[in-house]
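Listed here are the chains, written in short residue letters.
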Amino acid sequence: MTPLLFSLPKDHALFTPLCKGLPAVEGELEFRRFPDGESYLRVCSSIEPGQPVIILADLSRPDARFLPLYFLCDTLKELGAGQVGLLAPYLCYMRQDTRFHPGEAITSHSFAHLLSHRFDWLLTVDPHLHRYHALSDIYTIPATTVHATPLLADWLRARREPLLLVGPDAESKQWVSTLAQASGHPFVVGSKQRRGDRDVHIRLPDLSGYHRHIAIMVDDVISSGQTLLRCAQSLTDAGIERIEAAAIHGLFADRIEDQLQNAGVQRLVTTNSVPHPSNGLDLTPLLLEPLRQLARLADNRPPNPDNQAGADI
C-alpha cells in the first residue's frame, strides 16, 4: 500500500522530493491558529484503512510545533491510518541528557517518552548523542539514524582549493577527523571553555602553516552559533583570511548568521534538515531507502495498540 506523506510545515524543502522519490502520496492538511493561539488542524486527504503514514516534521522550534504534530498523529490514527512514523531530520531535545544542576528537567527523556507513546517509528539525521550511546537508550520505538557525513565528504572532495577543516571543540574531534579522512583534507581541533549559553572562548593550535587555506568550520549543529563565532574570531586573529562554515543542522538562533558574516565567515552551508537560505546539501538521497524500509515494515505490521490515539502518556 502506497504510504501517505504529510509535512509540518507544509513548505518543508524535503516534502516534494521525498514524495516523488519514495514514491508517496502527498498528504493534504489545513492548519491555522485561532486568535487565542490554539491550533486548528484538518486532514483533507482520504486515508485507506491501515494505510502507512509518514509525517515529515521540522522540530527546530519544537515548543510551538509539537502540539500540532501530536494532534496530527492522533487524528490520522482516529481516521484509520495504520503505522504512523515520524521523520524528524533534526531531532530536538537531545542536549539536556543529564541533570547538570539539582532540580533540572532531563528533557531528552521526557520528549522521547512523548514521541514513543504516540508514533510507531522514528527516523532522524545525526542526533546529538553525547552521553547516550544510541537513540534506543531513551526511545522505546524503532529509531533509525541516518548519517550525513558522506554528503559533507562528497561536497568537500569536490572542492579544488586547499581546505583546512576546523573542529571548534573536543566534542567535534571524532566527527571532524572522520570527515577529514573521508574527504582528504587536513584538520585541526580547538579547545572550548563555556561560561554560559552565549559566553564561549575558543583556543586553536598553531595555524602558521595554513594561511593559504580556506578554513571551513564544521559542526553538527549551529544553534546559538557562539562557538563558531568565537572560532571565526580566533581564525581571523591567527591570520586566516578566508573562512566558511558547514553544518548538518542550521538552527541559527537570534539571527546569528548575520553576526557570523560580520565576523568574516564568507559562506554558510547546511543540509536541508531545517529550511534555511544556507541549505546547499540535499538529504533526500540518504533518506529514501530507510523510509522505504520503514514504510514496508509498517505496511506488513499491525498497529501497536500502545500507540493508538487515546493511549495514556
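Because the structure is predicted, anything quoted here is derived from the model rather than measured.

As a further point, take helix α5 (residues 173–183). Since the α-helix packs 3.6 residues into each turn, any two residues three or four apart lie on the same face. Looking only at α5, the buried set comprises Trp175, Val176, Leu179, Ala180 and Ser183. Along the axis of α5, the buried positions cluster into a sector of 130°, meaning they face one direction only. With respect to the buried face of α5, the exposed residues turned more than 90 degrees away are Gln174 and Gln181. Gly184 sits one or two positions beyond α5 and adopts a positive phi of about 80°.

This part is about unusual backbone geometry. Put simply, Leu8 and Pro9 share a cis peptide bond, and its omega is 0°. In this structure, Pro23 follows Leu22 across a cis peptide bond, with omega equal to -5°. The topology assignment puts Pro23 in the loop between α1 (15–21) and β2 (25–26). The backbone phi angle of Asp126 is positive, close to 40°, even though this residue is not glycine. Residue position: Asp126 is located in the loop between β7 (121–125) and β8 (143–146). Assessed through its relative accessible area of 11%, Asp126 is described here as buried. Backbone geometry places Arg255, a non-glycine residue, at a positive phi of 55°. For Arg255, a relative accessible area of 52% puts it in the exposed group.

This next bit is on the environment of Ala170. Position of Ala170 among the secondary structure elements: in the loop between β9 (163–167) and α5. For Ala170, a relative accessible area of 62% puts it in the exposed group. Taking the C-alpha atoms as reference points, Ala170 and Ile256, separated by 86 residues in sequence, lie 22 Å from one another. For Ala170, the residues in contact, after removing those within four places along its chain, are Val189 and Gly190.

What counts and how
- Residues numbered from 1 in each chain as written.
- Predicted model: local features only at pLDDT ≥ 70, side-chain atom pairs only at ≥ 80, totals over all residues.
- Heavy atoms only, no water.
- Buried < 20%, exposed > 50% of the residue type's maximum accessible area, 1.4 Å probe, protein only.
- Helix = DSSP H or I, 4+ residues; strand = E, 2+ residues; numbered from the N terminus.
- Arc of directions from axis to C-beta.
- Contact = heavy atoms within 4.5 Å.

Worth remembering: the numbers are spatial, not functional.
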